[in-house]
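# Descriptive structure summary
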Protein chains: 2
Amino acid sequence: MSGQVHPPARLLMGPGPINADPRVLRAMSAQLVGQYDPAMTAYMTETMALYREVFATANEQTFLVDGTSRAGIEAALVSLLEPGDRVLVPVFGRFGHLLVEIAERCGAQVHTIEVPWGEVFAPEQVEAAVAAVRPKLVAVVQGDTSTTMCQPLADLGEVCRRHDALLYCDATASLGGNAFATDAWGLDVVTAGLQKCLGGPSGSAPITISERAVDVIEARKHVEAGIREPGDTARGTRIASNYLDLAQVMDYWGPRRLNHHTEATTMLYGARECARLLVEEGLDAAVARHALHGRAMLEGVRGLGLGVFGDVAQKMHNVVAVEIPDGVDGAATRAALLADFGIEIGTSFGPLHGRVWRIGTMGYNARRDAVLTTLAALEQVLRAAGASVTAGGGVGAAREVYA
Amino acid sequence: MSGQVHPPARLLMGPGPINADPRVLRAMSAQLVGQYDPAMTAYMTETMALYREVFATANEQTFLVDGTSRAGIEAALVSLLEPGDRVLVPVFGRFGHLLVEIAERCGAQVHTIEVPWGEVFAPEQVEAAVAAVRPKLVAVVQGDTSTTMCQPLADLGEVCRRHDALLYCDATASLGGNAFATDAWGLDVVTAGLQKCLGGPSGSAPITISERAVDVIEARKHVEAGIREPGDTARGTRIASNYLDLAQVMDYWGPRRLNHHTEATTMLYGARECARLLVEEGLDAAVARHALHGRAMLEGVRGLGLGVFGDVAQKMHNVVAVEIPDGVDGAATRAALLADFGIEIGTSFGPLHGRVWRIGTMGYNARRDAVLTTLAALEQVLRAAGASVTAGGGVGAAREVYA
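Here's a quick rundown of the structure. (Residues numbered from 1 in each chain as written. Chains lettered and ligands numbered in written order. Predicted model: local features only at pLDDT ≥ 70, side-chain atom pairs only at ≥ 80, totals over all residues. Heavy atoms only, no water.)

### Things to note about empty space enclosed by the protein
To be explicit about the condition: Put simply, the grid is 1 Å and covers the protein atoms alone, a cavity is a trapped set of points that fit a 1.4 Å probe, a pocket is an open set with protein on both sides within 12 Å along at least five of seven lines, and lining residues have an atom within 4 Å of a point. Grid points are joined across faces, edges and corners, and a volume is the space filled by probe spheres set on the points. Only DSSP runs of H or I with at least four residues qualify as helices, and only runs of E with at least two residues qualify as strands; both kinds are numbered from the N terminus onward.
A complete count under the given rule lists four cavities of 30 Å³ or more for this structure. As a volume, the largest cavity reaches approximately 60 Å³. Surrounding the largest cavity, A:Glu74, A:Val78, A:Ala240, A:Ser241, B:Glu74, B:Val78, B:Cys106, B:Ala240 and B:Ser241 form its lining. Secondary structure elements with two or more residues in the lining of the largest cavity: helix H3 (69-80) of chain A together with helix H3 (69-80) of chain B.

### Some words on the relation of the copies chain B and chain A
Our working rule: Overlaid copies result from least-squares superposition on C-alpha atoms, with residues included only where pLDDT is at least 70 in both. Contact criterion: two residues are considered in contact whenever any of their non-hydrogen atoms come within 4.5 Å of each other.
Between chain B and chain A, the superposition needs a rotation of 180° and an axial shift of 0.0 Å, giving an RMSD of 0.0 Å. Taken together, the rotation angle and the small translation identify this as a two-fold axis. Relative to the rotation axis, the closest C-alpha in chain B is found at B:Gly67, a distance of 2.4 Å. Both copies contact each other with a shared surface, as 100% of the interface residues of chain B are interface residues in chain A too.

### Brief notes about the sheet that holds strand S9 (residues 189-191) of chain A
All names here are of chain A. Defined as follows: In this description, strands pair whenever DSSP reports at least two bridges between them. Structural elements are reduced to axes, namely lines fitted to C-alpha atoms, with helices fitted over the stretch in contact, and the angle between N-to-C directions of any two is expressed from 0 to 180 degrees.
Pairing is mixed across the open sheet formed by seven strands, whose spatial order is S2-S10-S9-S8-S5-S3-S4. Pairing within the sheet leaves two strands with one partner each, and these edge strands are strand S2 (61-65) and strand S4 (109-114). Direction aside, neighbouring strands of the sheet carry axes that sit 20° apart on average. Across five bridges, S2 lies against strand S10 (residues 205-209) in antiparallel orientation. Residue pairing across strands places Thr62 opposite Thr208, the latter belonging to S10. Contacts from helix H4 (residues 94-105) reach strand S3 (86-91), S4, strand S5 (137-141) and strand S8 (166-170), with the element oriented near 165° to S3.

### Observations concerning the packing of aromatic side chains
All names here are of chain A. Spelled out, the test is: Two aromatic rings, drawn from Phe, Tyr or Trp (for Trp, its six-membered ring), form a pair once their centres lie within 6.5 Å of each other, and the interplanar angle then sorts them: stacked below 30 degrees, edge-to-face above 60, tilted otherwise. Consider the ring centre and the ring normal. A charge sits over the ring if Lys NZ or Arg CZ is within 6 Å of that centre and within 35 degrees of that normal.
Here the structure, examined in full by the defined rule, presents twelve aromatic pairs over all chains. Following the ring pairs from residue to residue traces out a cluster consisting of Phe63, Tyr252 and Trp253. Sitting over the ring of Phe349, Arg94 keeps its end group 4.1 Å from the ring centre.

### Re the nonpolar core
Let me state the cut-off plainly: The set of buried Ala, Val, Leu, Ile, Met, Phe, Trp, Tyr and Cys residues whose side-chain atoms join them within 4.5 Å is what this entry labels a nonpolar core. For every residue, the accessible area (1.4 Å probe, protein chains only) is compared with the maximum for its type, and the residue is labelled buried under 20%, exposed over 50%, or partly exposed between those bounds.
Counting 196 residues, the largest nonpolar core has A:Leu77 and B:Leu77 as the members making the most contacts within it. Aside from chain neighbours lying at most four places away, what touches A:Leu77 is A:Leu99, A:Ile102, A:Ala103, A:Cys106, A:Leu137, A:Ala139 and A:Tyr168.

Functional significance is not addressed by these values, which are geometric in nature.
Structure representation (structure tokens):
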């Protein structure tokens, strides 16, 4: 029979998942309580309040979807979109394509605009498309790890409101490590995950939903129940999922606590601790920490003599795409880092496959020792592979950022 | 800010969730590794093998869905059912109605047969309905905690094969505590959860899929890709979910390891440990343990002078519905048990609301001390409430079972 779980020591410096903060794992080792125990409902209420701080929102409807970040995305889209609804997805990397695919499976008419990998959209580009498509929903990724780009969102809420569209944002890869303001930016629904800048394991998807979006979702429930209320615009299709039906999940997290699924209590303990860590540090301080260590890693790889992919001015703080030098085997380099140093960095896919490594500095691993250790190990592995690297240049350049 | 997670000590003797086995919580505190780390893929492969033993199957496609047991149910139904497909659901409790609701949301034509709460179906009743409805799929719950009944399944696979129907079973509440044989019984798809007899927290849904059912799911993928293969019967509708698309999830767990969601690694560690516990004990021994402690609880509540709901000969081993004596406030009794003894027992709903408590003896809590402690505390609480109970009768009767 297979033995006790005993994973090897790893420093996870890829685009996520990363090492969980030990405090999160300890919180997850707490014993269970019943689903309607007063202690449990108090934890649920606290978790809602904590994630309001993380998302920078006053939205009452801020809670967890029980599944990975992808479950959160699908819950948002399947609950908002009725078959035939028009959706606009500005695509600047792989996770934009995921939004397209999920929206298509909801039966939506999906329109896309695209920029080349390594770039982001100007608000005017989005507004022109919104004006042309007149979508019910604009669905956009904030930080797309496939390209490392971070889409500016501050103007998009206003654009969407002018054109009477809802705005959904997938903030899985960026939340906690990059500036984020649900209410100030006019975002209607935002979803995330724990396994990036939040410092936890994958398996719980924090979500926040504006009043405007709640109304759209509730209207579908009214129609389902045969009730028409003034202002209801839903055409009456039932939400195609039970598990990801946000109307039901809101009733479960809300004061009525209507039974839905059996809460994934251990994941809730973990998600709550992730938020506690961020709120304790302060969201601005956490973003500043990710900015600092991200800059150190960026200057470090440049100090080794390596190139960086994409428009660095628009890069997420927490991941960098490092060009694989000519003549170096990218996969062999990653394997050597893992075998000799226990360090994982990321591969890439799509147009960047074989061209870049993706190195993350996020959550628990947005730390000076993690950055310097990775740069030191990378120098050794590249040297052994015969690549031309500047001896000490990586650690030296990063140290200057920290000075 | 809210404090460190620190749940009160509880003995969870309801219909689930129950206390997690401490070994499971310890396994879940292990640090993460990367999603494609050789250690991680080895854990995934081991987990598949372990759940083949738990499900008593040789099905290659045996793995975890990342979500609660309800996510597993929905993954099975949304992947198997195309809009318009006929489904037969034999309903003998609340979770049968859940299967109906999920199948309806998949767009299926759902037909039901029902027996009164507290009873199960004879195979002839199911066969007559299958012959009349000619469904693509029969979807049935094994153990429905709402009534405590355990539907005999041994003959249903043969019935379904004779009529060319697939057979899906929701074994969430029963697996590990009651006899189960996926292959011997001819079940095509079975899903479960960790929070009942498996002794873990909710949040991961083990699933097993027969070759026959794999073919049905793969055929939809072929159609989606524009490929028609001999024998493909799918009408060409795309699976409405991405997150719960079993064709994609099989590719992710299979040898090609195609990227899908980011695995909920901590839940996988937990699910793996749940299966290790059962396989170590032996599945037959685990079922015998649940039978023993379930009988002790049953005789114990009778020994107190309380009645038991339903056809006891068809009861699941792991839960009993105890009639609330006349004049006793069921909710106040539960509250007193929780406040004074830290013991949780279950309420009930539907036709049984206010009529019975549901008491579970499952997973880590299928133990002599848990049974006797619960009976002793229940006697005290009922006595304080002015009910007529036989002093020492509960613990005494349970002790006789153990003698």
